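If you want the building blocks of each chain, they are given just below.
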Amino acid sequence: MHQQTFTSQTDFITAALSEVKKSISAAEETCFIALSGGQTPLPVYAALNPEDVTRAEFFLADERCMPLDDKDSNYRAIREVLPEEAILQPIDTALPPAEAALAYSQEIDVVPNSRFDLIILGLGQDGHTASLFPNDVTAHESLGTVIPTLNPSAPHPPVRERVTLTFNTILKAKKLLLLISGAEKAAAVEELVHGSKTPLEFPAKRLLGHPQLKIHFLKK
Ligand code: 6PG
C-alpha cells in the first residue's frame, strides 16, 4: 500500500492524473479503467485530455439505479466531465438492479479475465467504497463480477438502490487508486489505515491487501 497526503488540489489532481496516464501507457492495447462515482475524482476525470483517452475504455465502478440523466447519476456526472472522445460504458439502469448488474457483468466480458488495468475508487465516511457498504455479508462475499446492493444510509430510493463491481472484480485489477478528499474524511482514513474495525464493518479495508493499491488523500 502506498499512501500520499496532499494539501494542494492541483498536486492531488496532477498525481492522480499521472497514475491514470501510467496505466494507459503500460497497456498493450486498450486500457480498461473503472471509474468511481462521487465528487472527489471528477476534477481528475475532467483533467484528462482527448489524446489520453483514445487508448482507454471506461466503465463505472458503481451506479445509482436511476435514469442516466438524473442529477444523482454517476454516469451523468462522469460523462459531463470526461472528454467527449472517451468511451464510457453506462449501466442499464432502466433494468431492475439485479438484471442491470447481470447485463453489466456481460459488458465487462470485453475486459480480458474481467481484470481492469486500473480502478479508481472513493471512500465514504462509513468505510464504503464503490457501492459496497458496511455489514453487507452477501456483497462482501460475492464471487460475481457486478451485483446489486442497497445503500443503508440513503434517505430514499433510487439513491438507495445501487449496482456495483464486487470486491472479487476490484481486487483482480492491476492497480487500484483510492482518491479521498476533505478534512471530514480524516477519521475515515485513520480507521482505514490504523483502525480496528473489520472489513465487513469498514469495507474499504478489503483494498489494503492489494499489492498495487495507491491511496491519495487531499486534506484540504
Ligand atoms: C458513489 C460512489 C461512492 C463514493 C464515496 C465517496 O456512487 O457515491 O461510488 O463510493 O466514491 O461515497 O464520495 P466522495 O468522493 O464524493 O466523497
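Everything discussed here concerns the structure shown above.
Residues numbered from 1 in each chain as written. Predicted model: local features only at pLDDT ≥ 70, side-chain atom pairs only at ≥ 80, totals over all residues. Heavy atoms only, no water.

Caption draft 1: Representation of the sheet that holds strand β1 (residues 2-6) within the structure. Pairing in this open sheet of seven strands is parallel, and the strands run β1-β10-β9-β6-β2-β3-β5 from one edge to the other. With partners counted over all chains shown, the strands left at the sheet margins are β1 and β5 (87-89), one partner each. Geometrically, the sheet is characterised by an average inter-axis angle of 20 degrees between neighbouring strands, direction not taken into account. Pairing of strand β9 (residues 176-181) with strand β10 (residues 213-218) involves six bridges; the strand directions are parallel. (Pairing = 2+ DSSP bridges. Helix = DSSP H or I, 4+ residues; strand = E, 2+ residues; numbered from the N terminus. Axes fitted to C-alpha atoms, helices over the stretch in contact; angles between N-to-C directions.)

Caption draft 2: Examining the packing of aromatic side chains more closely. Considering all chains together, one arrives at four aromatic pairs under this definition. With a centroid separation of 5.8 Å and 80 degrees between ring planes, the pair formed by Phe6 and Phe12 is classed as edge-to-face. In this structure Phe6 comes out as buried when scored by relative accessible area, which is 8%. Centroid distance Phe59 to Phe116: 5.6 Å. Interplanar angle 70 degrees. Geometry classified as edge-to-face. With Phe59 in strand β3 (residues 56-60) and Phe116 in the loop between α5 (97-107) and β6 (118-121), the pair connects residues that are 57 residues apart, well separated along the chain. In this structure, Phe59 and Phe116 share a single accessibility class: buried. Cluster of aromatic residues (ring-pair linked, three or more members): Phe32, Phe59, Tyr104 and Phe116. (Phe/Tyr/Trp six-rings, centres within 6.5 Å; stacked < 30°, edge-to-face > 60°. Buried < 20%, exposed > 50% of the residue type's maximum accessible area, 1.4 Å probe, protein only.)

Caption draft 3: Inspection of the site of the ligand at higher detail. Near the ligand lie 14 residues; those nearest to it are Gln39, Thr40, Asp62, Ala130 and Lys185. Side-chain polar atom of His128 to an oxygen atom of the ligand: 2.8 Å apart, as the coordinates give it. Considering the ligand on its own, with 420 Å² of exposed area, one finds that the protein chains cover 87% of that surface. Residue classes in the shell around the ligand are distributed as two nonpolar, eight polar and four charged. (Near = heavy atom within 4 Å. Polar contact = N/O pair within 3.5 Å; in protein donor to acceptor, adjacent residues only side chain to side chain. Areas by Shrake-Rupley, 256 points an atom, 1.4 Å probe, with all protein chains shown as cover. Nonpolar A, V, L, I, M, F, W, Y, C, P; charged D, E, K, R; others polar.)

Caption draft 4: Layout of the sheet that holds strand β4 (residues 62-64). Taken in spatial order, the three strands line up as β4-β8-β7 in an open sheet, and their pairing is antiparallel. In this open sheet, the two edge strands, each paired with only one partner strand, are β4 and β7 (146-150). The sheet shows a mean angle of 20 degrees between the axes of neighbouring strands, direction not considered. Both β7 and strand β8 (residues 161-165) contribute to a ladder of five bridges, which runs antiparallel. Bridged to Val146 within β8 is Leu165. Packed on one face of the sheet, α5 meets β7 and β8 and runs near 150 degrees to β7. (Contact = heavy atoms within 4.5 Å.)

That is the geometry; function is a separate question.
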